[in-house]
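Residue-level structural notes
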Amino acid sequence: MSTVTTEAGTGLAARPGAAPPKTAAPAPARPVRSRRWPGRRLAYGLVRAGTRSAAVVALLLLWETAPRLGLVDRTFLPPFSEVAQAWWRLAADGQLAENARASLARSLSGFGIAVSLAVPLGLLIGWYRPVADLLGPLLEVFRNTAALALLPVFVLLLGIGETSKVSIVVYACTWPVLLSTISAVRSVDPTLLRLARSLDLPAVRLFQKVILPASVPAVFTGVRLAGAVSILVLVAAEMIGAKAGLGYLINASQYNFAIPQMYAGIITISAIGVVFNQLLVALERRLSSWRVPANG
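Residues numbered from 1 in each chain as written. Predicted model: local features only at pLDDT ≥ 70, side-chain atom pairs only at ≥ 80, totals over all residues. Heavy atoms only, no water.

With that settled, consider the overall build of the protein. Counting its regular elements, the protein contains ten helices and two strands. Shown N-terminal to C-terminal, the secondary structure of the protein runs as helices and strands in the order β-β-α-α-α-α-α-α-α-α-α-α. The proportion of buried residues among the 296 residues of the protein is 32%. Restricting the contact set of the protein to residue pairs at least 6 apart, pairs at least 24 apart contribute 70%. If you sum the accessible surface of the protein, you get close to 19,700 Å²; carbon and sulfur atoms cover 65% of it. (Helix = DSSP H or I, 4+ residues; strand = E, 2+ residues; numbered from the N terminus. Buried < 20%, exposed > 50% of the residue type's maximum accessible area, 1.4 Å probe, protein only. Contact = heavy atoms within 4.5 Å. Areas by Shrake-Rupley, 256 points an atom, 1.4 Å probe, with all protein chains shown as cover.)

Structure, rendered in structure tokens:
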């Protein structure tokens, strides 16, 4: 006598030898679509912009109120509104544009020369051990010598013209780029190198496909540092024997006791530095767009 089985959840008896009943497959879950309202996105952007600019706004408010309340001497630190008016007058009569143009020409020339020399040299030193052994002691000597300490030497050897100012910028910008490039090449993931060598890639292709892409982020760290150094060192160089430039404007305003104009020049230098840094960040993102973000 055959055993009679019953279907689960039903009172029906299954026939002997019959196939088990088929259960219906669950319907695939529909993806939940997140609704992003334009107003919510706009509010998020405004909140983020307000958070990023809160510290700057607080500093400007403190700068405006501290001299007016007598917390600092108004003669040496005028309110920000007076500095803004002085900046506008310099911009209106063309002095600001003329001096900024002279400084940017010197700074960008020295910066470009330094990057074009330091990056290839850093790649060679970082990749070829004999070159590192040959140039290592010389690099250790000069990397610890401040650029401004050598400014009188540059002036004595090259004069007070444009050559000495561009040369001191080249010297100051070379070291951040060179050292970061050497470190970038030496810190490439050994696993990537082993995988590339297992594919029998020639040295040129290995350098092009593995070393250079992996070194881009660290190299740009040095490039961004060099961008800031190029402006700071140039301002100090322009205070000696220059007839134009933001450093000359700041120095001349100090001697003439035009304090608002002096602060206007300082603000202009800071603004140029911020813009230059943002341009380098955008270029870095463009060149390293292949990288996967850490947050996925």
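Where a protein is soluble and globular, its nonpolar side chains tend to be buried together. In this structure, Phe 111, Ile 168, Leu 178, Val 223 and Leu 246 are the most contacted members of the largest nonpolar core, which totals 48 residues. Elements with a minimum of two residues in this core: helix 2 (80-92), helix 3 (95-127), helix 4 (129-143), helix 5 (151-158), helix 6 (162-186), helix 8 (203-238), helix 9 (246-255) and helix 10 (259-287). At twelve residues, helix 6 tops the list of elements feeding residues into this core. In this view, Phe 111 contacts Val 169, Cys 173, Val 223, Ala 226, Gly 227, Ser 230, Phe 276 and Leu 280; residues no more than four positions away in its chain are not counted. (Core = buried A, V, L, I, M, F, W, Y, C linked by side-chain atoms within 4.5 Å.)

Tracing the backbone through its elements, the reader meets Arg 101 in helix 3. By relative accessible area, which is 56% here, Arg 101 ends up exposed. Sequence separation between Arg 101 and Leu 246 is 145 residues; the distance between their C-alpha atoms is 8.9 Å.

At Phe 257, a residue that is not glycine, the phi angle is positive and equals roughly 60 degrees. Its place among the elements puts Phe 257 in the loop between helix 9 and helix 10.

Within the element layout of this structure, Lys 243 appears in the loop between helix 8 and helix 9. Counting along the chain gives 141 residues from Lys 243 to Ala 102, while the straight-line C-alpha distance between them is 9.6 Å.

Next up on the list: the packing of aromatic side chains. In total, this model carries six aromatic pairs according to the counting rule given. When the ring of Phe 111 is compared with that of Phe 276, the centres are 5.2 Å apart and the planes differ by 75 degrees; the resulting orientation is edge-to-face. Taken together, the positions of Phe 111 in helix 3 and Phe 276 in helix 10 put the pair 165 residues apart, joining distant regions of the chain. You can call Phe 111 buried: its relative accessible area is 11%. The structure contains a cluster of three or more aromatic residues connected by ring pairs, namely Trp 63, Phe 80 and Tyr 263. (Phe/Tyr/Trp six-rings, centres within 6.5 Å; stacked < 30°, edge-to-face > 60°.)

The subject of this paragraph is the confidence of the model for the protein. When pLDDT is averaged along the protein, the result is 79, and 82% of the positions lie at 70 or above. Per-element mean pLDDT across the protein ranges from 44 in strand 1 (residues 5-6) up to 92 in helix 2. A low-confidence stretch, residues 1-15 (pLDDT under 50), is modelled with nine contacts involving residues beyond four sequence positions or located in other chains. Contacts of residues 292-296 to residues separated by more than four positions or lying in other chains number zero contacts, the stretch itself having pLDDT below 50. (pLDDT = per-residue confidence, 0-100.)

Helix 8 packs onto helix 3 with a crossing angle of 145 degrees between their chain directions and a minimal axis gap of 8 Å. Where helix 3 crosses over helix 8, the handedness of that crossing is right-handed. For the pair formed by helix 3 and helix 8, the contact residues are Ala 102, Ser 103, Arg 106, Ser 107, Phe 111, Val 119, Leu 123 and Trp 127 on the first element and Leu 206, Phe 207, Ile 211, Leu 212, Val 219, Val 223, Ala 226, Gly 227, Ser 230, Ile 231, Leu 234 and Glu 238 on the second. The class makeup of the residues in the contact of helix 3 with helix 8 is 14 nonpolar, four polar and two charged. (Axes fitted to C-alpha atoms, helices over the stretch in contact; angles between N-to-C directions. Left-handed = near helix turned anticlockwise from the far one by under 90°. Nonpolar A, V, L, I, M, F, W, Y, C, P; charged D, E, K, R; others polar.)

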